[in-house]
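What the coordinates show
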Protein chains: 2
Amino acid sequence: MSDAPLDAPVTSEFDRDTAVRPRGQGVHEAQLSSGWAIGHALNGGYLLSVLGRALRESLPHPDPFAISAHYLTASAAGPAEVRTETARTGRTVSTASAALVQRDAEGNEVERIRALATYGDLDALTGDVRTSAKPPAMPPPEHCFSASDAPAGSVPVPEMSHRLDLRLDPETCGWALGEPSGRGEIRAWLSLADGRAPDPLSLLMAVDALPPTGFDLGLGGWLPTVELSVHVRARPAPGPLRIALTTRNLATGFLEEDGEIWDSADRLVAQSRQLARV
Amino acid sequence: MSDAPLDAPVTSEFDRDTAVRPRGQGVHEAQLSSGWAIGHALNGGYLLSVLGRALRESLPHPDPFAISAHYLTASAAGPAEVRTETARTGRTVSTASAALVQRDAEGNEVERIRALATYGDLDALTGDVRTSAKPPAMPPPEHCFSASDAPAGSVPVPEMSHRLDLRLDPETCGWALGEPSGRGEIRAWLSLADGRAPDPLSLLMAVDALPPTGFDLGLGGWLPTVELSVHVRARPAPGPLRIALTTRNLATGFLEEDGEIWDSADRLVAQSRQLARV
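Residues numbered from 1 in each chain as written. Chains lettered and ligands numbered in written order. Predicted model: local features only at pLDDT ≥ 70, side-chain atom pairs only at ≥ 80, totals over all residues. Heavy atoms only, no water.

The helix and strand tally for chain A stands at four helices and 16 strands. Its C-alpha atoms give chain A a radius of gyration of 18 Å, near enough to 19 Å, the size a compact globule of 278 residues would have. Reported as C-alpha extents along the three principal axes, the dimensions of chain A are approximately 50 × 50 × 45 Å. Here chain A, with 278 residues, has 60% of them falling under the buried criterion. In chain A, the proportion of contacts linking residues at least 24 apart, taken out of those at least 6 apart, comes to 70%. For chain A, the exposed area adds up to about 11,000 Å²; of that, 52% sits on carbon and sulfur atoms. When the 25 basic and 36 acidic side-chain charges of chain A are each reduced to a single mean position, those positions are 6 Å apart. (Helix = DSSP H or I, 4+ residues; strand = E, 2+ residues; numbered from the N terminus. Rg over C-alpha atoms; globule rule 2.2 N^0.38 Å. Buried < 20%, exposed > 50% of the residue type's maximum accessible area, 1.4 Å probe, protein only. Contact = heavy atoms within 4.5 Å. Areas by Shrake-Rupley, 256 points an atom, 1.4 Å probe, with all protein chains shown as cover. Lys, Arg positive; Asp, Glu negative; His and termini not counted. Charge placed at Lys NZ, Arg CZ, Asp CG, Glu CD.)

Structural data, given as structure tokens:
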């Protein structure tokens with residue numbers, strides 16, 4: 001999986017499905033794709049990438065340094081609008097709010113997600129890297145499990161999984177065989193199935209692309225996200241990402257899910273945290 | 001420090017300095033106090049508490065479950081306005097944006113902070129607690145260091161420190177003697193100096209009340225916050241808080257600071273993460 005297919009499409013599934021078209025001041029149209037569905041819901045990371053792309057089009061800086069999204073109602077495949085409002089434009093960073101809006105069956109406007117983001121230019125950053133963080137210890141992709149390795153019918157295979165080349169660390173997918181470790185850890189290699197290389201926008205999807213840590217805690221079902229924050233710390237190198245998700249505190253109906261994304265150059269490129277409802 | 005003075009004021013310094021007065025639909029007036037200054041700047045956690053209080057007044061739910069703030073310009077002591085806009089009001093949670101605005105010397109409006117928050121009712125939460133997180137291993141407060149223990153003039157004592165009873169873990173304050181550990185860890189016991197008990201609003205201040213982890217990494221000066229997110233997971237029990245801050249990744253001019261707050265009942269009551277500029 002480390003090398004992209006030579007026939008990688010000029011426009012990847014990810015770029016096509018996160019495309020936004022400007023429609024007047026601070027308004028972008030999007031077409032949410034069912035290709036990123038998890039069961040009946042669209043993946044929160046995919047939706048964050050759509051918001052992130054509209055924000056990039058609206059701000060003078062290209063990269064999401066910090067983005068926080070609060071999820072209000074479940075988005076549906078189909079037309080959507082992203083409305084952005086700039087709070088401040090500075091020399092090195094700029095900040096804006098964004099709202100993802102759709103119309104319900106009765107044609108009434110419903111806000112799906114509200115986000116707040118600070119953008120900058122990752123390529124303009126200089127200075128040393130001093131980190132005590134270590135890439136997750138995982139077997140190579142060929143020794144990890146993909147959805148196709150699961151016993152037929154043992155786990156639901158969400159539509160979104162067809163967009164991804166996801167290889168789960170065997171140590172963190174016992175839940176697929178009815179044996180969750182209870183540690184609340186999920187680790188995986190991730191590439192886009194069509195070979196599209198990772199970039200800061202796709203990292204916003206990647207932080208939410210793995211099975212929930214709840215599975216490893218023995219919790220069934222998908223856990224709706226209340227809030228998801230991502231810090232993009234560096235532009236990812238081409239090649240598969242390593243993603244490690246951890247939940248340390250499940251309490252009174254909520255849990256946090258902390259994520260780290262490492263690129264093929266062993267660099268910590270993104271950190272994420274979400275609050276999800278059990 | 002574990003017992004509050006019997007003469008604790010009915011209105012604490014914290015409650016007085018975070019007070020907001022409604023002024024029309026979605027607008028609250030505040031008076032930012034220089035008592036929470038760090039050098040020339042007002043503490044970002046104090047400012048978040050002011051925003052959090054205005055949000056509580058504006059929403060049907062009392063407690064900040066998740067709040068994310070992006071810092072735009074440096075706030076100054078004096079009058080300020082908090083403008084809130086509700087995104088959604090649900091049965092169990094509600095979400096709103098907030099902006100902290102001041103006027104500059106020329107009388108022009110300047111936005112200081114933009115925030116996004118989801119509120120709920122911590123007392124309404126039920127269910128079990130399964131956590132692998134452990135309270136920070138620290139000596140008791142009487143074996144920790146307060147600002148008054150530092151050699152005269154060795155470290156600047158910010159005005160805000162007079163509002164707090166802060167006791168630093170000796171293992172994480174070598175920087176005060178010119179010997180930072182390089183681990184990027186700061187741990188401390190924290191109470192409000194006037195004995196006011198912790199609550200969800202004061203936790204928003206507490207996550208940003210310790211010296212920056214940068215000191216323990218050998219970085220001088222205060223590090224301006226770009227973004228600060230807090231999850232309040234439980235209502236804190238009365239008594240001193242234990243706070244542990246950790247930085248794992250300092251890279252190209254930015255670092256993250258992860259925080260955990262534990263209450264006197266050994267419960268993880270808040271988790272925070274900020275992105276700061278070196």
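Next comes the rest of the write-up.
Another aspect to go through is the relation of the copies chain A and chain B. You can overlay chain A on chain B at an RMSD of 0.0 Å; the transform is a turn of 180° with a shift of 0.0 Å along its axis. The transformation just described matches what one would write down for a two-fold rotation axis. Residue by residue, 100% of the interface of chain A is reproduced at the interface of chain B, so both copies engage with the same surface. (Least-squares fit on C-alpha atoms with pLDDT ≥ 70 in both.)

Let us look at the interface of chain A and chain B. Taken residue by residue, the interface counts 57 residues in chain A and 57 residues in chain B. Carbon and sulfur atoms make up 48% of the area that chain A and chain B hide from each other, which totals about 4,800 Å². The tally of links from chain A across to chain B stands at six salt bridges. Note that Arg 248 of chain B and Glu 260 of chain A form a salt bridge whose closest N and O atoms lie 2.0 Å from each other. One can count 39 residue pairs in polar contact (both at pLDDT 80 or more) joining chain A with chain B. Residue contributions to the side of chain A that touches chain B peak at seven residues, all from strand E16 (residues 268-277) of chain A. Here the side of chain A that touches chain B is composed, by residue class, of 20 nonpolar, 21 polar and 16 charged. With three bridges connecting them, strand E14 (residues 249-251) of chain A and strand E9 (residues 129-131) of chain B associate as antiparallel partners. When the bridges of E9 of chain B are listed, Ala 251 of chain A appears paired with Val 129 of chain B. (Buried area = accessible area lost by both parts, 1.4 Å probe. Salt bridge = Lys/Arg side-chain N within 4 Å of Asp/Glu carboxyl O. Polar contact = N/O pair within 3.5 Å; in protein donor to acceptor, adjacent residues only side chain to side chain. Nonpolar A, V, L, I, M, F, W, Y, C, P; charged D, E, K, R; others polar. Pairing = 2+ DSSP bridges.)

With that settled, the discussion passes to the pairing of strand E6 (residues 78-89) of chain B. Residues and elements named next belong to chain B. In the sheet, strand E2 (residues 27-32) pairs with E6 via six bridges, with the strands oriented antiparallel. Residue Leu 32 lies in a different strand from E6, and its bridge partner there is Gly 78. As paired elements, E6 and strand E7 (residues 94-103) share eight bridges and run antiparallel to each other. Bridge pairing in E7 links Thr 89 to Ser 94.

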